[in-house]
Amino acid sequence: MTLTDKIKVLIVDDSALMRKALKEIMMTDPSIEVVGTARNGQDAIEKVHDLKPDVVTMDINMPVMDGLTSMQYILSDYPEMPVLMVSSLTEEGALTTFEALELGAFDYVAKPSGTVSSDIYIVGRELIEKVKLAYKSANRKSINYRMQRSNNLSGQKKTESMKKQDFAMNNELSKVVVIGISTGGPSTLMEVLPMLPQDLQAAIIIIQHMPPYFTSSFAKRLDAACRIPIREAKAGDVLRNGIGYVAPGGYQLVVRGENGTIRLPTTPKTVFMPSVNVTMEAVLDTFGGKNVIGVLMTGMGDDGADAMVKIRKAGGITIAEDESTAVVFGMPREAIERGGAEIVVPSYRIADEIIKAVRRV
C-alpha cells in the first residue's frame, strides 16, 4: 500500500497529550496516515484547507472556536468530508454530540474519561473502525439529506409538540415495535421516528448501541423531535401505545407479563448492552409473533439478525434497512441474508412500513 492509498486523517483536540494519544492509535493501522493535528476549531478550518484530509476527528470543547462551530464551517466548504466527533462521556458531551450529528457529523466516539488522555486507548479499536467507516461510507447525498430533514423537522416539531399529550396515555397495548440500530443510528433515527403519528397503536422500543451516559440525553433529543413521547426506559415501566422507550446503556431491556412490564437486568453479558437480540427475543416470548414488529437498521456486526429470523418464523413482521441508505450495512445485511427480513426498504421509507405493519391485522 502506498502513501496515496492511505486514509488521511486530521486530528483536532486542544490537549497536546490527547493529540499525541490519538495519533499513536491511528499509527497502529497501516491503512491510516495522520496528515496533521489542530489545537482548536479555527486551526482545524485552516488545516482542512491546507491538508485536504479524508477524515477529521473533532474534539468538542476547545478554546478560540469549539468543535461544533468548526465542523459547520468545514462542512459548508467541504460537504463531502466526514467528521468524527470525539466526545466526553458526560451528559453535556452527549447533548452536544447529538447536535453535531443532526448538523452532519458522521458519527462519534465517546472518551471513557474526560480528563485522562491515556484512557482514550480503551476505545482505540472503535476509533480506527469508525475512521475507516467514515472514509468508506461517506455518502454525501445521505448526509445532505439528513441535514435537510433535520431542518424540516425543527420547524415541524414546534407545531406538533402541543398535541403530544393528547395521545400519550393510551391504556391498551396493541403491538410492540422493536427497533435495533448501531453505528450511524442517531441520525437515522432522527429521520424515521419523527415520521410516526401521535396515534400509533403500538409501543416502540429503541435499542441503540450507546454508552450509559448518552441514552438519557438521546431520549430527550428524540422526544423534542417526535410526535410521540420518547423516554429513556426505566424498570417497572409498562408498555403503552404511542410511546417510545429508549433502552438505557449498560443494561439489557426485557419485558415480562401480559401488560409488558420493562425489566433492566445486567445479564446476559453481551458485546453490546443493550443487545437487540436479547430485547427482540424477550418481546417475542412475551407477546407472540403476530403482535411483534422487528426493525433492523444501520450498524456493524449482526446483533438482532437471529432474533429477526425468529420473529418472522413466528408470524411477526420484519423490516430491514436497504443498503442504499445504511451508513453501515452490517446488521441489516445479516438479517436479510439469514432470511429474517420480510421487507427491505431505504431509511426514508421505514416509518411508512412501520405504520403499515402496525395496521396490518
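Summary of the structure given here. (Residues numbered from 1 in each chain as written. Predicted model: local features only at pLDDT ≥ 70, side-chain atom pairs only at ≥ 80, totals over all residues. Heavy atoms only, no water.)

Before going further, it helps to spend a moment on the overall build of the protein. The secondary structure content of the protein amounts to 12 helices and 14 strands. Split into buried and exposed, the 361 residues of the protein put 58% on the buried side. A fraction of 72% describes how many contacts in the protein between residues 6 or more apart in sequence connect residues 24 or more apart. Summing over all exposed atoms, the protein offers an accessible surface of approximately 15,100 Å²; the carbon and sulfur share of this is 51%. (Helix = DSSP H or I, 4+ residues; strand = E, 2+ residues; numbered from the N terminus. Buried < 20%, exposed > 50% of the residue type's maximum accessible area, 1.4 Å probe, protein only. Contact = heavy atoms within 4.5 Å. Areas by Shrake-Rupley, 256 points an atom, 1.4 Å probe, with all protein chains shown as cover.)

Below, the discussion takes up the layout of surface pockets. By volume, the largest pocket amounts to about 820 Å³. In this structure, the largest pocket is lined by 31 residues; those nearest its centre are Glu 126, His 209, Met 210, Val 271 and Phe 272. For the lining of the largest pocket, the elements supplying multiple residues, two or more each, are strand E5 (107-111) and helix H5 (124-136). When its residues are assigned to classes, the lining of the largest pocket shows 13 nonpolar, 10 polar and eight charged. (1 Å grid on protein atoms, 1.4 Å probe; cavity = no way out; pocket = protein on both sides within 12 Å on 5 of 7 lines; lining within 4 Å. Points joined across faces, edges and corners; volume = space filled by probe spheres on them. Nonpolar A, V, L, I, M, F, W, Y, C, P; charged D, E, K, R; others polar.)

The next subject is the environment of Asp 43. Take Asp 43: it is sitting in helix H2 (residues 41-51). Here Asp 43 falls in the buried class, since its relative accessible area comes to 8%. When the C-alpha atoms of Asp 43 and Val 64 are compared, they prove to be 8.9 Å apart, with 21 residues separating the residues in sequence. When near neighbours in sequence (up to four residues on either side) are disregarded, Asp 43 contacts Thr 37 and Ala 38.

Here the bond from Thr 267 into Pro 268 is cis, since omega is 0°, no more than 30 degrees from zero. Tracing the sequence through the fold places Pro 268 in the loop between strand E11 (261-263) and helix H9 (276-287). Between Met 273 and Pro 274 the backbone carries a cis peptide bond, its omega angle lying at 10°. Its location among the elements puts Pro 274 in the loop between E11 and H9. Positive phi, close to 50°, is recorded for Lys 52, a residue that is not glycine.

Glancing now at the pairing of E5. Both faces of the sheet carry side chains from a regular strand, because those side chains alternate between them. Counted residue by residue, E5 has five buried out of five residues, so it is predominantly covered. Residues Asp 107, Val 109 and Lys 111 of E5 are buried on one face, and the alternating residues Tyr 108 and Ala 110, pointing to the opposite face, are buried as well. Between strand E4 (residues 83-88) and its parallel partner E5, the chain crosses via helix H4 (residues 91-102), and the hand of that crossover is right-handed. (Right-handed = clockwise from strand over helix to strand, strands pointing away.)

Further remarks concern H2. Regarding H2, the residues found buried are Gly 41, Asp 43, Ala 44, Ile 45 and Val 48. Where the residues of H2 are buried, they touch strand E1 (7-12), strand E2 (32-38), strand E3 (55-59) and helix H3 (67-77). N-capping of H2 is provided by Asn 40, with a side-chain oxygen placed 3.0 Å from the backbone N of Gln 42. (Polar contact = N/O pair within 3.5 Å; in protein donor to acceptor, adjacent residues only side chain to side chain.)

This part covers H4. The terminal C-alpha atoms of H4 lie 17 Å apart, and with 12 residues this matches the ideal 16 Å at 1.5 Å per residue to within 8%. Listed as buried for H4 are Gly 93, Ala 94, Thr 96, Thr 97, Phe 98, Ala 100, Leu 101 and Glu 102. Positive phi shows up at Gly 104, right after H4, with a value of about 120°. (Expected span 1.5 Å × (residues − 1).)

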